[in-house]
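Structural characterization, general
Residues per chain, in single letters:
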Amino acid sequence: MSGPRVVVAVGTGRYADPWHPFGEIARALAAWLAAAGCRVDVREDVDAALADLDGADLLVVCAGDPWRGDEARRGADPAARAGLGAALRRGIGVLAVHAAVSSLRDYPDWRRAIGGGWIVGRSGHPPIGDARFVVAEPGHPATAGIREVRAYDERYAGLDIDAGARILLTSEVDGRAEPAAWALDRNPGRSVVSTLGHDARAMESAEHRRFLVSAALWAAGGDPRHTAS
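Residues numbered from 1 in each chain as written. Predicted model: local features only at pLDDT ≥ 70, side-chain atom pairs only at ≥ 80, totals over all residues. Heavy atoms only, no water.

**Details of the packing of aromatic side chains**
By the definition in use, this model includes one aromatic pair. Ring centres 5.0 Å apart and planes at 70 degrees place the aromatic pair Trp118 and Tyr156 in the edge-to-face group. Placement of Trp118 in the loop between strand E5 (116–117) and strand E6 (129–135) and of Tyr156 in the loop between strand E7 (148–153) and strand E8 (160–161) is noted, with a sequence separation of 38 residues between them. (Phe/Tyr/Trp six-rings, centres within 6.5 Å; stacked < 30°, edge-to-face > 60°. Helix = DSSP H or I, 4+ residues; strand = E, 2+ residues; numbered from the N terminus.)

Structure representation (structure tokens):
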């Protein structure tokens, strides 16, 4: 029996930025998902990927803010907007990785699908470094068997998260437990947002790998117990 079909949309062009090696992050995650039995298609044109989601079980977005800088960067092809909207209505799973909380600003459906987002002027993070992410909901399939995730990564704070989201991981920032990952049952469809994954160093953590693969399989409607070791 074949595994879920996964489309990984990588931040290039207007979705690229000077801080995030989106290609490295996406390739590592794609390899993990392939090892877990997924059929993975890595796409380096985000808008084109959104226009072509027929038959996909999961959309993974590793991309940055397209509105950063010149206003000429704004706007999306109507076919891409229609493609994403149709996929979400039929229940495609979603995994938003790190800067994806500030991405796809030309797509209102995206913010609704992920249940949270980065607020310019309010959201932020302390300097990158060795970080500890604590499991907030051990009973969720995405966190089953995981007590914490340790990784060299950023700890986001001040995000806007919908009341219906289930917080999966938290990190301590300025004495507060800030949500670092959450899940949303969209009915139809499931979404997981993980703010982890700044660069390749974050992808060296075995616990991070286990969490992301479990989250992806859950979002795709599969069984997270079939994760790679």
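**A word on helix H3 (residues 78–90)**
Here H3 is 13 residues long and its end C-alpha atoms lie 18 Å apart, about the 18 Å a rise of 1.5 Å per residue gives. Every buried residue of H3 is listed here: Ala80, Gly83, Leu84, Gly85, Ala87 and Leu88. Packing partners of the buried residues in H3 comprise helix H2 (46–50), strand E3 (58–62), strand E4 (93–97) and helix H4 (108–114). Among the residues of H3, the N-terminal cap falls to Asp77, whose side-chain oxygen and the backbone nitrogen of Ala79 are separated by 2.7 Å. Two residues or fewer past H3, Gly91 is found with a positive phi of approximately 105 degrees. (Expected span 1.5 Å × (residues − 1). Buried < 20%, exposed > 50% of the residue type's maximum accessible area, 1.4 Å probe, protein only. Contact = heavy atoms within 4.5 Å. Polar contact = N/O pair within 3.5 Å; in protein donor to acceptor, adjacent residues only side chain to side chain.)

**Examining the packing of helix H1 (residues 22–35) against helix H5 (residues 206–219)**
The N-to-C vectors of H1 and H5 enclose an angle of 65 degrees; their axes lie 10 Å apart at closest approach. Classed by the angle they form, the pair H1 and H5 counts as roughly perpendicular. Crossing of H1 over H5 shows right-handed handedness. Taking contact as the criterion, the partners of Leu29, Trp32, Leu33 and Ala35 in H1 are, on H5, His208, Arg209, Leu212, Val213 and Ala216. (Axes fitted to C-alpha atoms, helices over the stretch in contact; angles between N-to-C directions. Parallel < 35°, antiparallel > 145°, perpendicular 65-115°, else oblique. Left-handed = near helix turned anticlockwise from the far one by under 90°.)

**Side note on unusual backbone geometry**
Residue Pro188 follows Asn187 across a cis peptide bond; omega there is 10 degrees. In this fold, Pro188 is placed in the loop between strand E10 (176–185) and strand E11 (190–194). Positive phi outside glycine occurs at His98, with the angle close to 50 degrees. Unlike most non-glycine residues, Leu104 shows phi in positive territory, near 50 degrees. Here Leu104 is to be found in the loop between E4 and H4.

**Comments concerning H5**
A rise of 1.5 Å per residue sets the reference length of H5, with its 14 residues, at 20 Å; its end C-alpha atoms lie 20 Å apart and thus fit the reference within 8%. When you tally the buried positions in H5, you get ten out of 14 residues, the bulk of the element. Looking only at H5, the buried set comprises His208, Phe211, Leu212, Val213, Ser214, Ala215, Ala216, Leu217, Trp218 and Ala219. One or two positions beyond H5, positive phi appears at Gly221, with a value near 90 degrees.

**Some remarks on the nonpolar core**
Counting residues in each nonpolar core, the largest one holds 72 residues, and the members touching the most others are Leu59, Val60, Leu95, Trp110 and Phe211. Element by element, the count of residues in this core is highest for H5, at eight residues. Residue contacts for Trp110: discarding those within four places in its chain leaves Leu59, Val61, Leu84, Val94, Ala96, Ala100, Ser103 and Leu104. (Core = buried A, V, L, I, M, F, W, Y, C linked by side-chain atoms within 4.5 Å.)

**Focus: the sheet that holds E11**
Strand order in the open sheet formed by nine strands is E2-E1-E3-E4-E11-E10-E9-E6-E7, and the pairing between neighbours is mixed. The open sheet has two free edges, formed respectively by strand E2 (39–43) and E7, since each of these has just one partner strand. Recorded for the sheet is a direction-independent mean angle of 20 degrees between the axes of neighbouring strands. Here E6 pairs with E7 via six bridges, running antiparallel. Among the inter-strand pairings, Ala131 is bridged to a residue of E7, identified as Ala151. (Pairing = 2+ DSSP bridges.)

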